[in-house]
Amino acid sequence: MRQLIIKSLLIRKVRSLLTVLGIAIGIGMIVALVSVTEGLNAEAEDTFAGMQMITVEPKQLLRPMPVSNVNTIEKLPGVTLVSPFVTAIVGTVDDVEVLEDASGGLIPPTMRGYDPIRAKESASKIPDSIIRGRYLVDGDRNSVVLGKPIADRFKKSYGSTIDIDGRTFNVVGIFETGLIVTDNLMIVPLDTARDLRNMAPDSISGMSVVVDNQDNITNVARRIEQALPQVRATTPEEIQADFEDLSGAITTATWVIASVAAVVGGIGIINSMVMNVMERRREIGVLKAVGWTRGEVLRTFLIESTILGFLGGLAGVIIGVVGMTAITTLLPIVVAKITPELIIEALLFALILGAGGGLYPAWRAASVHPIEALRYD
Amino acid sequence: MIELKQATKLYRLSERVEVRALDNVNLRIEDGDFVIILGPSGSGKSTMLNMLGALDRPTSGSVILDDVDLARLSDNGLSKIRRYKIGFIFQFFNLVTTLTAVENVMLPLSPVERNKAKLQQKAESLLTSMGLESRMDHRPTELSGGEQQRVAIARALMADPRIILGDEPTGNLDSKTGHDLIRIMKELNVEKGITFIIVSHDPSIASVGNRVIQMKDGHATEVPPPNPTDPPTTFASSA
């Protein structure tokens, strides 16, 4: 039985190879797309793990809130530090429109204004992630601390000057946290950001709130919302939960899209196996005449198609892993995470395609009547 | 012993046209018989062979092999009969072209025998007994017609059946090779007591059998075997 299967696959080399390729492309797509989604998820999880504070922002997005909110929240029990910030979308860097710049990465750079002293004491990772120069200090005006991807993109280093929305800044430090969202920030003093956005001196975009006990973080968040009904206080867990809903949907969509490609490969298996059965009708007639049962014939063809599926899966996993490794090496902005689970799932999927695609052809083979198959030469 | 009892096979060609390929045939073949079935094409001899070989069931009547009515067996039951009790030899050899001679011989038992080494050993010894020891790993396309048919005989012997059926086994061979093959079958018949049932339209083969069945229009008539006055083979008299 084994010899029959192996030789059938080898004799029809070109067809076997093309069938395997059809599956491999689909499985390769699954590995590539899902690994990117999982890479983003992992990145996001790291980000959330790094956030141990409540983010307070107005319920109406981008609407400023009064700085007096800082005092209100500071008085709440469980709160150890409130760090106000101002967020500004960056328009131009060195007179180039950031969003129209083709060399831009996935995430547009965002300016954040922080109070240097308060931010340093907060749980923000940035002050501890300086790789060149320093973090902001009290009295800085036109100083900026750049995330490394931004510094690389605009070819800036410690000591350079950078023009942001028409204002010239000195790059006093470069930081790298390893989290793509955070590393795409430009950190400037709070007042400077306020100036740039033309915000009133007593207004801010939001606040980061550090609590004394992480177990209490949800209670503190609810307390903040009670004290200030116009704000939303979001805990890292809540952001993470929202994100997980979203990323779950994206992962599912990715699987669906890539699976379509793989199912097309599965149809290739059906096609190739049906041709195989038609060509080998006489041979099947012989097998039946010498005593093979329906089940034995069925099994032989099912094993053959499952092998095709498995080889396709194997080739697809190799294509996916090699391809994604190459892409992430050439384009470091792309994050991909290839887990053993993903590889096993992709291989299982290919096996199911192989076995599923072989069912109908194998059933046809098993139904061949020996007398009819042997009647004509 | 294999026996047809009032076996009838109808083929429906259309609503109104029915062909009676086998018409109420009674035939009893004893162990060790060497039966030649003669008849023109369309006389029903292949249909009868299909019944005897558990390839097909009669429309009515029964086929009794070792006290079992084959007409009542399931497809799987018939498969088992073909695997263990009956060997087949065909006019066009019907070897699997992708497999070597020895793999072809192993074919009937390869899905069920766990001990592959034992299987291969047996196949090799059968091929050796057919004088094919130097052809074990040859593909059918690398063998002559006579060699292919000897591989087919080895395959038919694989499961030690008591009955071997041949559908024009010499029909595609030159006369000398054909006679060599008949001699091999006759030796197996005499030495091992294997029952042979051979369908042929070549009357010169008839002298090999100890019994001759003449088929005509779906009817089977036993006729005396011809005297070997002009024996195609030297062993015909020993039958």
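Residues numbered from 1 in each chain as written. Chains lettered and ligands numbered in written order. Predicted model: local features only at pLDDT ≥ 70, side-chain atom pairs only at ≥ 80, totals over all residues. Heavy atoms only, no water.

K.L.:
So what exactly am I meant to see when it comes to the sheet that holds strand S6 (residues 86-90) of chain B here?
P.N.:
The strands that make up a sheet are held in pairs by hydrogen bonds between backbone atoms, and each pair lies either parallel or antiparallel. Residues and elements named next belong to chain B. Taken in spatial order, the six strands of this open sheet run S6-S7-S8-S3-S9-S10, and their pairing is mixed. In this open sheet, the two strands that pair with only one neighbour each are S6 and strand S10 (219-223). Taking the axes of each pair of neighbouring strands and ignoring which way they run, one obtains an average angle of 20° across the sheet. Of the pairings in the sheet, the one linking S6 to strand S7 (residues 163-167) comprises five bridges and is parallel in character. In the sheet register, Ile86 faces S7, and the bridge partner there is Ile163. (Pairing = 2+ DSSP bridges. Helix = DSSP H or I, 4+ residues; strand = E, 2+ residues; numbered from the N terminus. Axes fitted to C-alpha atoms, helices over the stretch in contact; angles between N-to-C directions.)

K.L.:
Sorry, what's going on with the environment of B:Met1 here?
P.N.:
Mapped onto the elements of the fold, B:Met1 is located in the segment before strand S1 (2-12). Sequence-distant contacts of B:Met1, defined by excluding residues within four places in its chain, comprise B:Arg28, B:Ile29, B:Glu30, B:Asp31, B:Ile64, B:Leu65 and B:Asp66. (Contact = heavy atoms within 4.5 Å.)

K.L.:
Any chance you could explain a negative patch on the surface here in plain terms?
P.N.:
All names here are of chain A. A cluster of like negative charges, contributed by Glu45, Asp46, Asp242, Glu244 and Asp245, occupies part of the molecular surface. Taken together, the elements giving at least two residues each to the negative patch come down to helix H2 (13-50) and helix H9 (236-279). If you tally residues by element for the negative patch, the top one is H9, at three residues. The class for Asp245 is exposed, based on a relative accessible area of 58%. (Patch = residues over 30% accessible without salt bridge, like charges linked within 9 Å, V, L, I, M, F, W, Y side chains within 5 Å. Areas by Shrake-Rupley, 256 points an atom, 1.4 Å probe, with all protein chains shown as cover. Salt bridge = Lys/Arg side-chain N within 4 Å of Asp/Glu carboxyl O. Lys, Arg positive; Asp, Glu negative; His and termini not counted. Charge placed at Lys NZ, Arg CZ, Asp CG, Glu CD. Buried < 20%, exposed > 50% of the residue type's maximum accessible area, 1.4 Å probe, protein only.)

K.L.:
Sorry, what's going on with the packing of helix H1 (residues 2-11) of chain A against helix H11 (residues 294-330) of chain A here?
P.N.:
For any two helices packed against each other, one specifies the inter-axial angle together with the distance between the axes. All names here are of chain A. At a minimum axis separation of 10 Å, H1 and H11 run at an interaxial angle of 50°. The pairing of H1 with H11 is recorded here as oblique in orientation. For the pair H1 and H11, the crossing hand works out as right-handed. For the pair formed by H1 and H11, the contact residues are Leu4, Ile5, Ser8 and Leu9 on the first element and Thr300, Ile303, Glu304, Ile307 and Leu308 on the second. For the contact of H1 with H11, the per-class residue count stands at six nonpolar, two polar and one charged. (Parallel < 35°, antiparallel > 145°, perpendicular 65-115°, else oblique. Left-handed = near helix turned anticlockwise from the far one by under 90°. Nonpolar A, V, L, I, M, F, W, Y, C, P; charged D, E, K, R; others polar.)

K.L.:
I keep staring at the pattern of salt bridges and nothing clicks. Help me out?
P.N.:
Pairs can form between side chains of opposite charge once their charged atoms are near each other. For the structure shown, the criterion picks out 29 salt bridges over all chains. Note that A:Asp195 and A:Arg141 form a salt bridge whose closest N and O atoms lie 3.2 Å from each other. Here A:Arg141 lies in the loop between strand S7 (130-133) and strand S8 (143-147) and A:Asp195 lies in helix H7 (residues 190-196), a separation of 54 residues in the sequence. Given the relative accessible area of 38%, A:Asp195 is considered partly exposed. The exposure class assigned to A:Arg141 is partly exposed, which follows from its relative accessible area of 39%. Salt-bridge contacts for B:Arg28 lead to B:Glu30; the nearest nitrogen and oxygen are separated by 2.6 Å. On the accessibility criterion, B:Glu30 (33% relative accessible area) is partly exposed. Counted as one network, the salt bridges with shared partners bring together B:Lys176, B:Asp180, B:Arg183 and B:Glu187.

Note that all results are geometric; they support no functional claim without further evidence.
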